[in-house]
Amino acid sequence: MTNRQQGDRLDPATVIGAALELLDENGMDALSTRAVADRLGVRMNTVLWHVKTKARMLELMADAVLGEIRLDELPSAPEERVLELARRYRRALLAHRDGAALVVGTYGIEPHTLRFADALVGALLECGLEDREVAWTAWALTYFALGLAQEQQAAGDRPLGEALANAVSETTHPSLHRVVAHLAPGSFDERFEFGAAAILAGRPSPGR
(Lines give C-alpha, C1' and ligand atoms only; values in the text may rest on other atoms or scores of the structure.)
Protein backbone atom coordinates (compact mmCIF):
# COMPACT_ATOMS: atom_id res chain seq x y z
CA MET A 1 0.00 0.00 0.00
CA THR A 2 1.38 3.41 -0.93
CA ASN A 3 1.64 6.35 1.45
CA ARG A 4 -1.13 8.08 -0.50
CA GLN A 5 -3.43 5.07 -0.13
CA GLN A 6 -2.69 4.88 3.59
CA GLY A 7 -3.29 8.60 3.94
CA ASP A 8 -6.65 8.30 2.17
CA ARG A 9 -7.72 5.79 4.82
CA LEU A 10 -6.62 7.91 7.75
CA ASP A 11 -8.94 9.98 9.89
CA PRO A 12 -8.26 12.37 12.79
CA ALA A 13 -9.04 9.69 15.38
CA THR A 14 -6.37 7.39 13.93
CA VAL A 15 -3.82 10.20 13.93
CA ILE A 16 -4.62 11.12 17.54
CA GLY A 17 -4.47 7.47 18.59
CA ALA A 18 -0.98 7.17 17.10
CA ALA A 19 0.06 10.42 18.77
CA LEU A 20 -1.10 9.16 22.17
CA GLU A 21 0.86 5.93 21.65
CA LEU A 22 3.99 7.97 20.97
CA LEU A 23 3.30 10.14 24.01
CA ASP A 24 3.09 7.07 26.24
CA GLU A 25 6.27 5.62 24.77
CA ASN A 26 8.50 8.69 24.54
CA GLY A 27 6.89 11.62 26.37
CA MET A 28 6.02 15.16 25.32
CA ASP A 29 9.56 16.18 24.35
CA ALA A 30 9.73 13.60 21.57
CA LEU A 31 6.24 14.24 20.21
CA SER A 32 5.96 15.84 16.76
CA THR A 33 3.79 15.61 13.67
CA ARG A 34 6.75 14.07 11.85
CA ALA A 35 7.04 11.35 14.50
CA VAL A 36 3.33 10.62 14.15
CA ALA A 37 3.69 10.43 10.38
CA ASP A 38 6.58 7.99 10.75
CA ARG A 39 4.50 5.86 13.11
CA LEU A 40 1.66 5.73 10.58
CA GLY A 41 3.94 5.27 7.57
CA VAL A 42 2.70 8.37 5.77
CA ARG A 43 4.02 11.77 4.78
CA MET A 44 3.95 14.55 7.36
CA ASN A 45 1.63 16.56 5.09
CA THR A 46 -0.88 13.74 5.34
CA VAL A 47 -0.93 14.04 9.13
CA LEU A 48 -1.21 17.83 8.86
CA TRP A 49 -4.16 17.43 6.51
CA HIS A 50 -6.07 15.87 9.40
CA VAL A 51 -4.80 17.93 12.37
CA LYS A 52 -3.59 21.15 10.64
CA THR A 53 -0.86 22.02 13.18
CA LYS A 54 1.00 20.46 16.10
CA ALA A 55 -0.87 22.79 18.46
CA ARG A 56 -4.18 21.53 17.11
CA MET A 57 -2.98 17.94 17.42
CA LEU A 58 -2.18 18.54 21.09
CA GLU A 59 -5.66 19.99 21.66
CA LEU A 60 -7.28 16.94 20.13
CA MET A 61 -5.00 14.64 22.15
CA ALA A 62 -5.93 16.42 25.38
CA ASP A 63 -9.61 16.07 24.52
CA ALA A 64 -9.12 12.38 23.78
CA VAL A 65 -7.55 11.91 27.23
CA LEU A 66 -10.59 13.50 28.87
CA GLY A 67 -12.78 11.36 26.66
CA GLU A 68 -11.54 8.34 28.63
CA ILE A 69 -13.30 9.60 31.77
CA ARG A 70 -16.43 7.58 32.51
CA LEU A 71 -19.43 9.61 33.58
CA ASP A 72 -21.62 6.68 34.58
CA GLU A 73 -22.07 5.05 37.98
CA LEU A 74 -21.47 8.29 39.85
CA PRO A 75 -22.64 8.93 43.42
CA SER A 76 -26.10 10.45 43.73
CA ALA A 77 -25.05 12.89 46.47
CA PRO A 78 -23.73 15.98 44.64
CA GLU A 79 -20.69 16.63 46.84
CA GLU A 80 -19.57 13.01 46.57
CA ARG A 81 -20.17 13.20 42.83
CA VAL A 82 -17.92 16.26 42.56
CA LEU A 83 -15.12 14.48 44.43
CA GLU A 84 -15.48 11.32 42.34
CA LEU A 85 -15.37 13.33 39.11
CA ALA A 86 -12.19 15.04 40.33
CA ARG A 87 -10.67 11.63 41.09
CA ARG A 88 -11.54 10.31 37.65
CA TYR A 89 -10.10 13.44 36.04
CA ARG A 90 -6.82 12.92 37.87
CA ARG A 91 -6.71 9.22 36.96
CA ALA A 92 -7.20 10.08 33.28
CA LEU A 93 -4.24 12.47 33.43
CA LEU A 94 -2.05 9.90 35.16
CA ALA A 95 -3.04 7.15 32.71
CA HIS A 96 -0.82 8.72 30.04
CA ARG A 97 2.83 9.66 30.26
CA ASP A 98 3.02 13.45 30.61
CA GLY A 99 -0.78 13.49 30.49
CA ALA A 100 -1.03 16.44 32.86
CA ALA A 101 1.55 18.44 30.91
CA LEU A 102 -0.39 17.71 27.72
CA VAL A 103 -3.72 18.92 29.11
CA VAL A 104 -2.35 21.92 30.99
CA GLY A 105 -0.63 23.12 27.83
CA THR A 106 -3.84 23.34 25.83
CA TYR A 107 -7.05 25.32 25.96
CA GLY A 108 -9.48 22.75 24.75
CA ILE A 109 -13.01 23.70 23.82
CA GLU A 110 -13.71 20.24 22.48
CA PRO A 111 -16.58 17.75 22.90
CA HIS A 112 -15.08 15.47 25.58
CA THR A 113 -13.65 18.38 27.55
CA LEU A 114 -16.97 20.18 27.53
CA ARG A 115 -18.82 16.97 28.41
CA PHE A 116 -16.70 16.48 31.52
CA ALA A 117 -16.90 20.16 32.48
CA ASP A 118 -20.68 20.09 32.18
CA ALA A 119 -20.88 17.08 34.50
CA LEU A 120 -18.63 18.74 37.08
CA VAL A 121 -20.48 22.06 36.93
CA GLY A 122 -23.82 20.28 37.12
CA ALA A 123 -22.79 18.48 40.30
CA LEU A 124 -21.56 21.75 41.82
CA LEU A 125 -24.83 23.48 40.94
CA GLU A 126 -26.67 20.76 42.85
CA CYS A 127 -24.52 21.62 45.89
CA GLY A 128 -26.41 24.91 46.10
CA LEU A 129 -23.64 27.30 45.08
CA GLU A 130 -24.26 30.49 43.16
CA ASP A 131 -23.14 30.60 39.56
CA ARG A 132 -19.85 32.44 40.17
CA GLU A 133 -18.83 30.08 42.99
CA VAL A 134 -19.70 27.09 40.82
CA ALA A 135 -17.46 28.32 38.00
CA TRP A 136 -14.58 29.23 40.28
CA THR A 137 -14.79 26.03 42.33
CA ALA A 138 -14.73 24.00 39.12
CA TRP A 139 -11.60 25.89 38.03
CA ALA A 140 -9.97 25.46 41.45
CA LEU A 141 -10.53 21.70 41.43
CA THR A 142 -9.32 21.38 37.85
CA TYR A 143 -6.17 23.45 38.38
CA PHE A 144 -5.39 21.59 41.60
CA ALA A 145 -5.73 18.19 39.94
CA LEU A 146 -3.64 19.32 36.97
CA GLY A 147 -0.87 20.79 39.12
CA LEU A 148 -0.57 17.83 41.45
CA ALA A 149 -0.67 15.32 38.60
CA GLN A 150 2.00 17.26 36.73
CA GLU A 151 4.21 17.29 39.82
CA GLN A 152 3.67 13.56 40.31
CA GLN A 153 4.53 12.72 36.71
CA ALA A 154 7.56 14.98 36.72
CA ALA A 155 8.83 13.35 39.91
CA GLY A 156 8.69 9.85 38.48
CA ASP A 157 10.89 7.50 40.49
CA ARG A 158 13.39 10.16 41.55
CA PRO A 159 14.01 10.38 45.32
CA LEU A 160 12.76 13.97 45.56
CA GLY A 161 11.56 13.57 49.13
CA GLU A 162 15.08 12.76 50.30
CA ALA A 163 16.53 15.63 48.27
CA LEU A 164 14.04 18.08 49.75
CA ALA A 165 14.68 16.85 53.28
CA ASN A 166 18.43 17.28 52.80
CA ALA A 167 17.98 20.79 51.39
CA VAL A 168 15.80 22.05 54.24
CA SER A 169 17.68 23.30 57.27
CA GLU A 170 16.09 23.37 60.71
CA THR A 171 17.94 26.62 61.36
CA THR A 172 17.33 28.39 58.05
CA HIS A 173 13.88 26.98 57.24
CA PRO A 174 12.36 26.11 60.63
CA SER A 175 8.72 26.09 59.50
CA LEU A 176 9.36 24.07 56.35
CA HIS A 177 11.61 21.70 58.27
CA ARG A 178 8.77 20.98 60.69
CA VAL A 179 6.40 19.77 57.95
CA VAL A 180 8.79 18.44 55.29
CA ALA A 181 8.04 14.81 56.13
CA HIS A 182 4.48 15.37 54.89
CA LEU A 183 5.63 16.58 51.46
CA ALA A 184 7.15 13.30 50.30
CA PRO A 185 6.23 12.22 46.73
CA GLY A 186 4.64 9.03 48.06
CA SER A 187 1.81 11.05 49.56
CA PHE A 188 0.29 12.21 46.26
CA ASP A 189 -2.94 10.22 46.68
CA GLU A 190 -3.50 11.47 50.20
CA ARG A 191 -2.61 15.03 49.22
CA PHE A 192 -5.11 14.92 46.40
CA GLU A 193 -7.92 13.67 48.62
CA PHE A 194 -7.12 16.31 51.25
CA GLY A 195 -6.86 19.15 48.74
CA ALA A 196 -10.00 18.30 46.76
CA ALA A 197 -12.06 17.95 49.94
CA ALA A 198 -10.62 21.21 51.30
CA ILE A 199 -11.51 23.11 48.13
CA LEU A 200 -15.06 21.81 48.23
CA ALA A 201 -15.49 22.35 51.97
CA GLY A 202 -13.99 25.84 51.86
CA ARG A 203 -16.30 27.22 49.20
CA PRO A 204 -18.34 30.28 50.15
CA SER A 205 -21.83 29.69 51.47
CA PRO A 206 -24.67 30.56 49.07
CA GLY A 207 -25.34 34.29 49.13
CA ARG A 208 -21.87 35.36 50.30
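No experiment lies behind these values; they were computed from the predicted model shown.

1. Considering the packing of aromatic side chains
- Counting across every chain of the model gives 3 aromatic pairs.
- An angle of 20° between the planes, with centres 5.2 Å apart, marks the rings of Tyr89 and Phe116 as stacked. One end of the pair, Tyr89, is in helix α6 (residues 78-94); the other, Phe116, is in helix α8 (residues 111-126), and 27 residues separate them in sequence.
- Classification of Phe116 by relative accessible area gives buried; the value is 5%.
- Each ring, one from Phe144 and one from Phe192, has its centre 5.8 Å from the other, and the planes form 10°; the classification is stacked. On the criterion of sequence distance, the pair formed by Phe144 in helix α9 (residues 131-155) and Phe192 in helix α12 (residues 188-201) is long-range, its members being 48 residues apart.
- Note on Phe192: relative accessible area 1%, which makes it buried.

2. Concerning unusual backbone geometry
- In this structure, Glu73 takes a positive phi of about 55° despite not being glycine.
- Looking at where Glu73 falls in the secondary structure, it is placed in the loop between α5 (54-66) and α6.
- If you check the backbone angles, Asp98 has positive phi at about 60° while not being a glycine.
- Within the secondary structure, Asp98 sits in the loop between α6 and α7 (99-104).

3. Considering the nonpolar core
- Counting residues in each nonpolar core, the largest one holds 50 residues, and the members touching the most others are Val36, Met61 and Tyr89.
- Apart from residues lying up to four places away in sequence, Tyr89 is in contact with Leu66, Ile69, Val103, Phe116, Thr142, Ala145 and Leu146.

4. Let's talk about α8
- End to end, α8 covers 23 Å across 16 residues, agreeing with the expected 22 Å (1.5 Å per residue, within 8%).
- Where α8 is concerned, the buried positions are Thr113, Phe116, Leu120, Ala123 and Leu124. Projection of α8 onto a plane perpendicular to its axis shows the buried side chains occupying an angular sector of 105°, all on one side. When the buried face of α8 is taken as reference, the exposed residues oriented beyond 90 degrees from it are Pro111, Asp118 and Glu126.
- Gly128 occupies a position one or two residues after α8 and carries a positive phi of about 90°.

Rules and cut-offs
- Residues numbered from 1 in each chain as written.
- Predicted model: local features only at pLDDT ≥ 70, side-chain atom pairs only at ≥ 80, totals over all residues.
- Heavy atoms only, no water.
- Phe/Tyr/Trp six-rings, centres within 6.5 Å; stacked < 30°, edge-to-face > 60°.
- Helix = DSSP H or I, 4+ residues; strand = E, 2+ residues; numbered from the N terminus.
- Buried < 20%, exposed > 50% of the residue type's maximum accessible area, 1.4 Å probe, protein only.
- Core = buried A, V, L, I, M, F, W, Y, C linked by side-chain atoms within 4.5 Å.
- Contact = heavy atoms within 4.5 Å.
- Expected span 1.5 Å × (residues − 1).
- Arc of directions from axis to C-beta.

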